[in-house]
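An overview of the molecular structure
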Amino acid sequence: MLRTRDGVAIEAAHDPGPGGPDTPAIVLAHGFTGDLERPHVRRAARVFAQRAAVITFSFRGHGRSGGRSTVGDKEVLDLAAAVEWARELGHARVVTVGFSMGGSVVLRQAALHTGRTEARPDAVVAVSAPARWFYRGTAPMRRVHWAVTRPAGRVVSRFGLRTRIHPYDWDPVPLSPVESVPLLAPTPLLVVHGDRDPYFPVDHPRMLAAASEGAAELWLEPGMGHAEHAASDELIERIGAWAAAALAAQ
C-alpha cells in the first residue's frame with residue numbers, strides 16, 4: 001500500500017521485468033472502473049513486463065485502494081505516489097502509460113509535476129484519453145455521466161462496478177488534458193486512439209496532438225475500440241517499444 005500526499009492508501013504491485021533496478025519502469029494507469037487485478041490490466045502489464053519493470057496500482061475508490069474516485073482530478077496524486085515508488089525501487093527512468101481516465105491522469109500529472117521532481121515521468125503515453133472535460137457526445141459517455149453525477153448512478157457504480165465515487169462536483173474544475181499537453185515539453189508524448197472508439201471520437205486525440213505543436217506522436221489505430229479492452233498485445237508491445245526508444249533518445 002502506498003500513501004498519497006493527501007493521505008489516501010493506494011494498493012500497488014511491482015513486477016521487476018527482465019532485469020534489475022536499472023531496468024526502466026512502466027507505471028500503468030488504468031481506466032475508470034478498473035483496478036490492478038482486472039484481467040485486461042493484468043494482460044497489459046504482462047506484455048509490458050517482457051521489456052520493462054511494471055508498476056500497477058488501483059486509483060482511489062477502485063479495488064482495495066482507499067478514498068473515493070474524483071474521476072481524474074485527485075488521481076494525479078495516486079499516480080505521483082506510484083512514480084515515486086518506482087524511483088524508490090531504483091528505476092531511474094519511468095514511463096507513465098494511461099488508458100481512458102488514466103490517459104487524462106498521465107497528461108495532467110506530468111504537467112503538474114514540472115522540474116526534476118521524483119514524481120516527474122521521463123515519457124508519457126495516453127491511450128483512448130479524452131481531450132476535454134464534460135464530454136457527452138456519445139451514448140457511453142452519457143451513461144458515465146449518469147453514473148458519476150446521480151445518486152442512483154453512484155450506487156450502481158459502487159455495487160455493480162466496484163467503484164466508489166465522490167459525491168461532490170469539482171471545485172475548482174481541474175486543468176483539462178488538452179490544457180496540460182503544452183506543459184509537458186520536453187517530455188516525449190505518445191497519443192494512441194482507436195478510430196472506432198465508442199466513447200471519444202478521433203477529434204479528441206487530434207486536439208491533444210495539436211496542442212503539443214508537433215512535439216507529440218499520434219497513432220490512430222484502425223479498427224480499435226476503447227482503452228485496455230481494445231488494445232491488442234501487438235499494440236501494447238509497440239507502445240513498450242516506443243517507450244524504450246524515447247528513453248534511449250534522451
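Above: the structure in question.
Residues numbered from 1 in each chain as written. Predicted model: local features only at pLDDT ≥ 70, side-chain atom pairs only at ≥ 80, totals over all residues. Heavy atoms only, no water.

Some thoughts on the pairing of strand β7 (residues 123-127)
Burial analysis of β7 places five of its five residues in the buried class, which makes it a mostly covered element. Side chains A123, V125 and V127 of β7 all project onto a buried face; the interleaved residues V124 and A126 project onto the opposite face, where all are buried too. Taken together, the five bridges between strand β6 (residues 94-99) and β7 define a ladder with parallel strand orientation. Among the inter-strand pairings, G98 is bridged to a residue of β7, identified as A126. As paired strands, β7 and strand β8 (residues 189-194) are joined by four bridges and run parallel to one another. Directly across from V125, in β8, lies its bridge partner L190. (Buried < 20%, exposed > 50% of the residue type's maximum accessible area, 1.4 Å probe, protein only. Helix = DSSP H or I, 4+ residues; strand = E, 2+ residues; numbered from the N terminus. Pairing = 2+ DSSP bridges.)

A word on the environment of P167
Of note, P167 is situated in the loop between α5 (151-160) and α6 (177-180). Apart from residues no more than four positions distant in its own chain, P167 is found in contact with R68 and R154. (Contact = heavy atoms within 4.5 Å.)

Things to note about the pattern of salt bridges
Evaluated as defined, the whole model comprises twelve salt bridges. The closest approach of N and O atoms between R238 and E234, which form a salt bridge, is 2.6 Å. Of this pair, R238 and E234 are both found in helix α9 (residues 233-248), four residues apart, which corresponds to roughly one turn of the helix. Since its relative accessible area comes to 47%, E234 is described here as partly exposed. Shared partners join several salt bridges into a network, and the residues in it are D6, R60 and D78. (Salt bridge = Lys/Arg side-chain N within 4 Å of Asp/Glu carboxyl O.)

Some words on the packing of aromatic side chains
This structure, assessed with the given rule, holds four aromatic pairs. A centroid spacing of 6.1 Å and a plane angle of 45° characterise the contact between Y135 and F200, whose relative ring orientation is tilted. Here F200 lies in the loop between β8 and α7 (203-211) and Y135 lies in the loop between β7 and α4 (139-149), a separation of 65 residues in the sequence. Both residues of the pair, Y135 and F200, count as buried. Among the aromatic residues, ring-to-ring pairing joins W133, F134 and W170 into one connected group. A cation over a ring is seen here: R158 above F159, with NZ or CZ 6.0 Å from the ring centre. The side chain of R238 reaches across the aromatic face of W219, ending 5.1 Å from its centre. (Phe/Tyr/Trp six-rings, centres within 6.5 Å; stacked < 30°, edge-to-face > 60°. Lys NZ or Arg CZ within 6 Å of the ring centre and 35° of its normal.)

Some thoughts on unusual backbone geometry
Cis geometry is adopted by the peptide bond preceding P172, which originates at D171 and carries an omega value of 5°. With respect to the secondary-structure elements, P172 resides in the loop between α5 and α6. In this structure, the amide linkage connecting A185 to the following residue, P186, adopts the cis form with an omega of 10°. Note that P186 resides in the loop between α6 and β8. Within the chain, F134 stands out as a residue other than glycine whose phi angle is a positive 65°. Here F134 shows up in the loop between β7 and α4.

In short, geometric facts, not functional conclusions.
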